[in-house]
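Geometric and topological summary
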Amino acid sequence: MTPTTSPLLNDFPNMSLNDARQSSGQPQQIQPPVSGTRSRAYSTTTVSTDDSSASRNSLVPRAATDRVNTQEFYHGQPHVPIESFLMPSQEQYPADSLILFGGTAVHSEGGLFRKDSKEYIMLTNTSLLKYKSMEKAAKVFGNQSVWSSSSGHQLLTPQQTALISKDHRILSLNSIIGVYTYQPAGTETQIVIEYLVSISSQPATMHFTPVVDQVEPWLKELRQGCNYHAAQAGLIVKGTRQRQWVQDKLQEDHIALPSNVAENHPTALAAGGMWRAFFRAQRIKGVPVQENGPSESRVALENKAVVIAVGASHIHILPHNLGNSSSKEDLKDERNMLQYPILTVRTIHYKERDDTFTLAFGTTLRQRTVVMTFASARAREIIIAIRARVESLRWLYPLGRKGIELALSESLSRPIPVPPKDHLTDLGFDELLRAECHAMGLDSRVFNNVFIDGFIITVGKAGDNFGNKRDYSVEEMKCLLRALRFNTTFKEISFRDISFENLQKTKTLRDGTLRYGLRPDQEFYELIMGNPQIRVLDFHDCHLDTSAIGSIGRAIRDGYSAGLRLESLDLYGNHATDGADVMTLAKGIVKHAGTLHRLDVGYCQITGDGINQIMHAFVANPDVASHTLEFFGIQGNPESKVNSFILDMFLKHSMCLEKLDLSDLTSWSKSPILMAETLANCGGFLKRLDLSGMALHPSTLDQILSWISSPECETLEQLKVEGCGLDGNQFASILDAVGQSGNQKVEICAGRNLLSDGQDLPENLVNVLSSGETTTSLGLRRTCWSEQALRQLFLSLSQNFTLKKLDLSAVSLASSRDPDVETCKLLGQMLASEASRLEELLIQGEETNELTSRMGRNLWRSFQGLSSSRYLTKLDVRRNRFKDEGALALAEALRVNQSLIWLDMDENDVTTDGFNAILSAFHQGGTEQVPTSSRYYNSTLAYFEPPVNDVTKQTNALKEAMLETYKSEQETRFLLNHATGKDAAEWKERLAQILRQRLQSTDACSRIEKSIDGIAMAVDRNKAAMEAVFRDRERRRERERDRELLQQRRDNRRG
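Rules used throughout
- Residues numbered from 1 in each chain as written.
- Predicted model: local features only at pLDDT ≥ 70, side-chain atom pairs only at ≥ 80, totals over all residues.
- Heavy atoms only, no water.
- Helix = DSSP H or I, 4+ residues; strand = E, 2+ residues; numbered from the N terminus.
- Buried < 20%, exposed > 50% of the residue type's maximum accessible area, 1.4 Å probe, protein only.
- Contact = heavy atoms within 4.5 Å.
- Areas by Shrake-Rupley, 256 points an atom, 1.4 Å probe, with all protein chains shown as cover.
- Patch = residues over 30% accessible without salt bridge, like charges linked within 9 Å, V, L, I, M, F, W, Y side chains within 5 Å.
- Salt bridge = Lys/Arg side-chain N within 4 Å of Asp/Glu carboxyl O.
- Core = buried A, V, L, I, M, F, W, Y, C linked by side-chain atoms within 4.5 Å.
- pLDDT = per-residue confidence, 0-100.
- Pairing = 2+ DSSP bridges.
- 1 Å grid on protein atoms, 1.4 Å probe; cavity = no way out; pocket = protein on both sides within 12 Å on 5 of 7 lines; lining within 4 Å.
- Points joined across faces, edges and corners; volume = space filled by probe spheres on them.
- Nonpolar A, V, L, I, M, F, W, Y, C, P; charged D, E, K, R; others polar.
- Phe/Tyr/Trp six-rings, centres within 6.5 Å; stacked < 30°, edge-to-face > 60°.
- Lys NZ or Arg CZ within 6 Å of the ring centre and 35° of its normal.
- Polar contact = N/O pair within 3.5 Å; in protein donor to acceptor, adjacent residues only side chain to side chain.

Side note on the overall build of the chain
Across its full length, the chain holds 25 helices and 41 strands. Looking at the 1055 residues of the chain, the share that counts as buried comes to 53%. For the chain, restricting intrachain contacts to residue pairs at least 6 apart in sequence, the fraction spanning at least 24 positions comes to 76%. As presented, the chain carries roughly 48,800 Å² of accessible surface, and 48% of it is formed by carbon and sulfur atoms.

Structural notes on unusual backbone geometry
Phi is positive for R752, close to 65°, though the residue is something other than glycine. On the accessibility criterion, R752 (40% relative accessible area) is partly exposed. You will see that R881, though not glycine, has its phi angle at about 55°, which is positive. Tracing the backbone shows R881 in the loop between β39 (874-876) and α22 (883-896).

Let's talk about a nonpolar patch on the surface
A contiguous nonpolar patch, built from F974, L975 and W987 and spanning about 290 Å² of accessible area, is present on the exposed surface. Looking at the element boundaries, L975 is found in helix α24 (residues 948-977). Take L975: its relative accessible area is 35%, and that puts it in the partly exposed class.

What to know about the nonpolar core
Judged by nonpolar contacts, the single largest core of 162 residues is most densely connected at F495 and F632. Residue contributions to this core peak at 7 residues, all from helix α9 (residues 474-485). Residues contacting F495, with those up to four places away along its chain left out, are V459, M477, L480, L481, L484, F500, F524, L527, D538, F539, H540 and C542. Formed by 32 residues, the second largest nonpolar core is a distinct cluster that contains W275, I384, A385 and L412.

Topic: helix α18 (residues 763-770)
Three or more residues of α18 are buried, namely L765, V768, L769 and S770. If you follow the buried residues of α18, they end up packed against α17 (728-741), β32 (777-779) and α19 (787-797).

Remarks on the confidence of the model for the chain
Scored by pLDDT, the chain has a mean of 77; 76% of the residues are at 70 or more. Across residues 145-151 the pLDDT falls below 50, and counting only partners more than four positions away or on other chains, this stretch makes 13 contacts in the model. Confidence drops under a pLDDT of 50 for residues 289-296, and excluding neighbours within four residues, the segment shows 8 contacts in the predicted structure.

Details of the pattern of salt bridges
According to the stated counting rule, one finds 34 salt bridges in the structure shown. Between R782 and E846 there is a salt bridge, and its shortest N-O distance comes to 3.7 Å. On the criterion of sequence distance, the pair formed by R782 in the loop between β32 and β33 (784-785) and E846 in strand β37 (residues 846-847) is long-range, its members being 64 residues apart. Relative accessible area serves as the criterion here: at 46%, R782 is assigned to the partly exposed category. Linked by salt bridges that have partners in common, D818, E847, R854, R857, R881, D909 and K953 make up one network.

Observations concerning the pairing of strand β17 (residues 450-453)
Summarising the sheet, β17 and strand β18 (residues 456-459) pair through 4 bridges and their orientation is antiparallel. By the bridge assignment for β18, V450 is matched with V459. The hairpin formed by β17 and β18 contains 2 residues between the paired strands, and G454 there has a positive phi angle of roughly 65°.

Quick notes on empty space enclosed by the protein
On inspection of all chains with the given rule, the structure shows 8 cavities of 30 Å³ or more. Here the second largest cavity defines a volume of roughly 70 Å³. Looking at the second largest cavity, the residues that line it are L831, A832, S833, S836, L838, S868, S869, R870, Y871 and L872. Here the residues of the lining of the second largest cavity are counted per class, giving 5 nonpolar, 4 polar and 1 charged.

Considerations on the packing of aromatic side chains
Going through the model one piece at a time under the given rule, you end up with 16 aromatic pairs. Centre to centre, the rings of F101 and W218 are 4.8 Å apart; their planes meet at 70°, and the pair counts as edge-to-face. Of this pair, F101 sits in strand β1 (residues 98-109) while W218 sits in helix α5 (residues 215-228); the two residues are 117 residues apart in sequence, bridging distant segments of the chain. Take F101: its relative accessible area is 0%, and that puts it in the buried class. Its relative accessible area of 0% is what places W218 among the buried residues. Aromatic rings pair up to connect F495, F500, F524 and F539 into one cluster. Taking NZ or CZ as reference, R565 lies 3.8 Å from the ring centre of Y560, over its face.

Describing the environment of E787
Here E787 lies in helix α19. As a C-alpha pair, E787 and D820 span 33 residues in sequence and 8.1 Å in three-dimensional space. Among all residues touching E787, those that are not within four sequence positions of it are L813, R817, P819, D820 and T823. For E787, the side chain forms a polar contact with the side chain of R817, separated by 3.0 Å.

Given below as structure tokens:
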């Protein structure tokens, strides 16, 4: 016997009936799936064949034996531990081939058989039949037609089936939508059957009163007959436009439609996962309805027969007569299709008294709940299918949510085993996104740059691949946000660098109507409220308007009561210009002051007291003694007047703060801005302090120096004071304070300050730089020097034995020219100095429309010192335009240098000759293009950044030259064809010259590519050799450790 299966249930292991009965509260142990397969297969537990309980309660028809074959069990995925899944197949039992029940009954109401008379009623696997007496029935069914509890289900022969006439059929089982009992006062219990006369009619009822001891058997057999023997309702006639539309919509949700339905058979079988029901009513809880306005709960499908389709991610409610041409409104029925995500199911109620069950779907919009009431004789089957699908997605529910609230019988409410969380590969978002794309008519490939890593989702630019990126349209972003709204999986959601600026604008169409754009305020409110599991929100540089910022604040405030505990919020680069929206954001932050670890509101155009309100939010929660913030960024809000007292209070409550960014805050209420005592008591975790762009008052600087020189500054790793208006003496004081603290690992970034006093550096700055008691990392980006001051800098640093990293990028001179030859030679002397321990040197140039800042074309003069450097491992000389002359000097230095590991020399106008020289440095004796007599060659450079810009520039120039040769060739050939004698010989020579030029350009393109490939191969060779050395060194260390351990054990034994 081959059981019928339902394709929608596809994530559960098979489970035996015996195991199902024993499952009381805990899911059964599940064998892990086979690794590497998406559709997981589980082992099937064998069912005991001699279990009397299983035989007694089985719903499988039994003819001659009570032994149950394991092949008769429902083997769909998942296998639900409910007895009702033991069912026969429709192929084995044709129409009226099985007697399910029979008995004498008295008619109570309805016109289906004679009123107030006793008749013998027979229930088969397809119909409910009536006969005047048992004797009349015996002529059709034989002498054993009298049903008894011991006889069981009885098989009919085809000859007996042919004797059943049309007059004997009361109704077909597939028209029944409900079976229940009713007992009027003072009378016996009646069986009530609700059935449909036609698809578009209201349900009719039939009452009959059986013998008292047969009420429960009749109720059980009628329901089981409807569930497992009656044909399921057909959906749509083939060949109609609606059928194809619905088929496309449901197939993406893994619902299979019937493929062999007859054109004239509207009640043919539907595939698994679809059931017919009667839609009794819908009501919406949580939404006030206006007294004089229309009810919001009314839908077009109420009081109609519908088809309930349970898919992989949604529950679909379809009009039953869609496409059957039963009404003039058929073409509008497509809009009546209802669709609710599985994850929004809140409650299931089913009392089994009248086959009416209730489904409640929760939405985030105003916290409303949609409650739908259905009637179906297949209620048990529908509920089991919904429960199985919800349980398969149980891991997707937010923390603290227990799943569905059930009001079911004991058999229906038993636990359903689910796969372990470790083996859950599909988190549901792909299916939701695919469903939303289909609903909005979008190509799902546009979301190929949306990346999912476990519980983290990162939204990239729109496009079907990584190289094809663009901004999202309004419809595409709506589709993405709706899919995220109903998915409660992700703990981290990132929209970093996704611009919403154009999506929020209202457009005027040609006909003058307004087309409203995206409403990020509503979308993000529902997104956050619908997923209390969110811990990280990243809206970095999304250009959200002020109303969206206010809605985010309102959502994190309202969501706190629902379990939301935000840990990181990045709003950098958005627009929070409205004070009321900033206040709302601050109110939301108050709720999460004890959980937030990161908050960035930099460059949000916050004005007035907005920054003060945000800082005060962390001290306004009486339940939080000290906040847990680790990163706090309020930079780039110059229009907001910051209160120093509130900042001081904020820092005193900071016990975990590691990074504080106050850059580009120009307006303060008083000085000093920071207090040394406050910084010292800031938990002792502060690692990065950014004060760039602030005009540091002397009193503030004194407090910072006092803090830096104290032992409490030992955790500081970076101090940025770029563009703070510091002079050379103040900068020297900072370096001296670092030396006093002993924390030499701190990086001091002091670029964009005027450090030279006229032409020279201050004497105390020269002394500090020359000493060995200062920082190991120094950043002087975009600093303007005099020629003399720059020379003094190099001379003083040549004596410094602690500095390991120096950033001199975008150097500029007051004379607006590149440093001269002598200055560059001093840089080389600094690199070659015996005292120098410099490991990283960054001297890339910077080119803008207004200013060019770089060491320039003379930089190659310093490369001679590179050959003598023993410690330098990283060198960045981009954008200095030293051309092939510099590349030749760099190649000679690389040949001798044995410490440099990383090099970037792009954008220096280097041509093929220069790259050939670099390539020769990796080979003893040079190369064929650049031979040399030196026996040295480079074996340490392991990372060479590809010179993409130089190669592209050179290649484009060669391609333009080749294009010119094609134009000249056409002209020359034309003149050659019309020339004679001496002129023809000249034009022929001219043509040969053009062809030689083209060939030279082609060869040059191939040579430059060959040179770059050769450099890459040489660098890879060095890298592999270096890794081999490291591995060998590690093995020697392990052997040494093993020897020491062995010796220690021997000593212990001797002792």
